[in-house]
Amino acid sequence: MERAIVDAHMTKKEIRKKIYAMILPISLENILQMLAGFVAMAMIGRISTIAIGAVGLSMRITQIVWAIFKGVTTGATIFVAQSYGAKDSKKLRQVVQQTLLSTILFVIGIQQMIYWKAPLFIRWLGGKGELLERGALYLSTVSWGLPFMAIMLVVTGVLQGMGNGKTPMKIAFIMNTVNVIGNYLLIYGNLGFPALGIRGSALATAFAQFVGAMIGIYILFGKGGVLEGVLGQSFFKLDGKRISEIYRLGAPTAMESIFWQFCTILLTQLILTFGEVALAAHQLGLQAEAISYMPAMGFSIAATAFVGQSLGAKEPTIAKMYLKEIVKGSVVLTSISVAILFFFPQQVMGLLTNQTDVIQLGAVYLMLMASVQIPQNLAGVLYGAMRGAGFTKAPMIVAGTGLWLVRLPLAYLLSIVFHQNIYGIWYAITFDMAFRFFLSYILYKRKNIYGENRKLQPACD
């Protein structure tokens, strides 16, 4: 198993080289996912406004599942990074084994519940009539990919915690290629395949997730993998203490993501009151906004990995140097994407749909979001650094405060009370993103993550 060496005498050039050796593959991976989502949504966007809304509502449910397991794998990533930095192979293997095993058991139960209760979930989100029918069809079908999505989150989190961004990128390339081809074949019935509409898109997504998960499993258990040689009867024994440590550390991140998803659900229900065009514009706007957010996520992940590794090796000065360089890179990359969203919003929206009213409305959303992309992505870097040190509650506090005390109340006030309609919701989102950046910076300075990291160590033993 390849080792990362944290050298107390590393130069800025060496640190920058390691950062970009990890960030570039992660950014490419996220860009691949973004492009695959772009292509799939562009195909769906040419079916009908109802189809866009149905997929959008379904994604609210699948994103909740994603949020839960992203939290779990964040806990694993932190343990992996610190164990890797401390060169503790035994602990690293235990963390990966228990995370993978418990995740598989947990996600199967969730998948079955969603499959059998899909109409109930869509109705809960406000879906009615044809929107309810098509949303339930998509959700029940795509649910079969959820176990494989969870496995992929574990694989990606483990590898990135070790500073390996290239392998997840390669898996993402294969998975997204399969997804795009599947959408092309099954949505419209090209090359002799049946035309299944949005159900075809759901099938393509689930199959692509299956392919990605199988490749990930092979890498973990194959030659040179973290779990090479451990697949035996003992592998299937659950270690309650270890699982509790991982889940306890990851729980705040899961809650943070769940805050996001439930806030989004409530906002979606509010947006629905302004019509299906408003919902479609918002949904496609979120997809387009990924131009900025998805590539920048790599900097947040790198902050978690390198701060965690450095602190695991008891080198807080190196951790600070890593974070400083990561902040610089995040600002540069985000500035490029901001220019695209602000100056070419209609062109970006035009890639996703040919419906003029949706394009015009969605362009306003993109311009507003462009104004706060830099603070949003810098907040993500600070979250990553705090998580790497084991302070996973701070990002949760920021998210909960911003979303529930600022975004939601302000969205209702501006859109309903002051009659700003969908624009009022978008103004609230913009203000919240700026607010959360300032709050995250305050907590980052107060936590002194480089000096108090020792608190986490007993939980790692």
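Since this is a predicted model, take the numbers as computed values, not measurements.

(A) Local environment of the overall build of the chain. Across its full length, the chain holds 17 helices and zero strands. Overall, the C-alpha framework of the chain stretches about 55 × 45 × 35 Å when taken along its three principal axes. Taking all 461 residues of the chain together, the buried fraction comes to 59%. Within the chain, contacts between residues at least 6 apart in sequence are counted, and of these 83% link residues at least 24 apart. Carbon and sulfur atoms form 66% of the exposed surface of the chain, whose accessible area is close to 18,900 Å². Placing the 38 positive and 19 negative side-chain charges of the chain at their respective mean positions leaves the two points 4 Å apart.

(B) Looking closely at the packing of helix H2 (residues 49-85) against helix H3 (residues 89-116). Put simply, H2 and H3 touch, their axes get as near as 10 Å, and they point 175° apart. The angle between H2 and H3 falls in the class roughly antiparallel. Judged by residue contacts, Ile61, Val65, Ile68, Phe69, Val72, Ala76, Phe79, Val80, Ser83 and Tyr84 of H2 engage Lys91, Leu92, Val95, Val96, Thr99, Thr103, Phe106, Val107, Ile110 and Ile114 from H3.

(C) View of the packing of aromatic side chains. Applying the stated criterion across every chain, the model contains 13 aromatic pairs. Each residue in the set Tyr115, Trp116 and Trp144 is aromatic and connected to the rest through ring pairs, giving one cluster.

(D) Looking closely at helix H7 (residues 166-187). Counted at 1.5 Å a residue, the expected span for H7 with its 22 residues is 32 Å, and the 31 Å between its end C-alpha atoms agrees. Looking one or two residues past H7, glycine 189 carries a phi angle of roughly 75°, positive in sign.

(E) Spatial organisation of helix H6 (residues 146-161). Here H6 spans 22 Å end to end across 16 residues, near enough to the 22 Å set by a 1.5 Å rise per residue. Burial analysis of H6 places 15 of its 16 residues in the buried class, the great majority of the element. In the stretch just after H6, glycine 163 is the one whose phi turns positive, near 85°.

(F) Region of the structure containing unusual backbone geometry. Look at lysine 314: it is not a glycine, yet its phi comes out positive at around 60°. One non-glycine residue, histidine 419, lies in the positive phi region at around 55°. Looking at the element boundaries, histidine 419 is found in the loop between helix H15 (393-417) and helix H16 (421-447). Looking at histidine 419, the relative accessible area reads 63%, which means it is exposed.

(G) Structural view of a nonpolar patch on the surface. Side chains of Val332, Ile336, Ile340, Phe342, Phe343, Phe344 and Met367 sit close together on the surface and give an oily, nonpolar patch of about 670 Å² of accessible area. The element that contributes the greatest number of residues to the nonpolar patch is helix H11 (residues 316-343), accounting for five residues. If you trace the backbone, methionine 367 turns up in helix H13 (residues 356-370).

(H) The packing of helix H1 (residues 12-45) against H7, seen in detail. Taken N-terminus to C-terminus, the directions of H1 and H7 make an angle of 10°; their axes are 8 Å apart at the nearest point. It follows from the interaxial angle that H1 and H7 lie roughly parallel. Contact residues: Pro25, Leu28, Glu29, Leu32, Gln33, Ala36, Val39, Ala40, Met43 and Ile44 in H1; Lys166, Pro168, Met169, Ala172, Phe173, Asn176, Val180, Asn183, Tyr184 and Ile187 in H7. Considered class by class, the residues forming the contact of H1 with H7 number 15 nonpolar, three polar and two charged.

(I) Geometry of the pattern of salt bridges. Counted according to the given criterion, the structure contains eight salt bridges. Lysine 328 serves as the salt-bridge partner of glutamate 325, at 3.7 Å between the closest nitrogen and oxygen. Pair noted here: glutamate 325 and lysine 328 are both in helix H11, with a separation of three residues, about one helical turn. A network of salt bridges, in which partner residues are shared, links Arg16, Glu325 and Lys328.

(J) The arrangement of the side chain of arginine 242 in detail. Mapped onto the elements of the fold, arginine 242 is located in helix H9 (residues 240-272). Residue class for arginine 242 comes out buried when judged on its relative accessible area of 9%. Among the polar contacts made by the side chain of arginine 242, one reaches the side chain of glutamine 94 at a distance of 2.9 Å.

(K) Focus on the environment of alanine 36. Counting through the fold element by element, alanine 36 comes out in helix H1. Judged by relative accessible area, which is 4%, alanine 36 ranks as buried. Distance in space between the C-alpha atoms of alanine 36 and isoleucine 26 is 15 Å, their sequence separation being 10 residues. Alanine 36 has contacts with Asn176 and Val180, leaving out every residue within four places of it along the chain.

(L) Main features of the nonpolar core. One finds Ile114, Leu139, Ile425 and Trp426 to be the most contacted residues of the largest nonpolar core, which totals 71 residues. Among the elements that take part in this core, H2 stands out by supplying nine residues, more than any other.

(M) Spatial organisation of the confidence of the model for the chain. Of the residues in the chain, 94% have a pLDDT of 70 or more, and the chain-wide mean is 85. Within the chain, the lowest mean pLDDT, 40, falls on helix H17 (residues 457-460), and the highest, 94, falls on helix H8 (residues 198-221). Below pLDDT 50 for its whole length, residues 1-5 participates in 15 contacts with residues either more than four positions away or in separate chains. Within the model, the stretch residues 452-461 combines pLDDT values under 50 with 21 contacts to residues more than four positions away or in other chains.

So, how was this worked out
- Residues numbered from 1 in each chain as written.
- Predicted model: local features only at pLDDT ≥ 70, side-chain atom pairs only at ≥ 80, totals over all residues.
- Heavy atoms only, no water.
- Helix = DSSP H or I, 4+ residues; strand = E, 2+ residues; numbered from the N terminus.
- Buried < 20%, exposed > 50% of the residue type's maximum accessible area, 1.4 Å probe, protein only.
- Contact = heavy atoms within 4.5 Å.
- Areas by Shrake-Rupley, 256 points an atom, 1.4 Å probe, with all protein chains shown as cover.
- Lys, Arg positive; Asp, Glu negative; His and termini not counted.
- Charge placed at Lys NZ, Arg CZ, Asp CG, Glu CD.
- Axes fitted to C-alpha atoms, helices over the stretch in contact; angles between N-to-C directions.
- Parallel < 35°, antiparallel > 145°, perpendicular 65-115°, else oblique.
- Phe/Tyr/Trp six-rings, centres within 6.5 Å; stacked < 30°, edge-to-face > 60°.
- Expected span 1.5 Å × (residues − 1).
- Patch = residues over 30% accessible without salt bridge, like charges linked within 9 Å, V, L, I, M, F, W, Y side chains within 5 Å.
- Salt bridge = Lys/Arg side-chain N within 4 Å of Asp/Glu carboxyl O.
- Nonpolar A, V, L, I, M, F, W, Y, C, P; charged D, E, K, R; others polar.
- Polar contact = N/O pair within 3.5 Å; in protein donor to acceptor, adjacent residues only side chain to side chain.
- Core = buried A, V, L, I, M, F, W, Y, C linked by side-chain atoms within 4.5 Å.
- pLDDT = per-residue confidence, 0-100.

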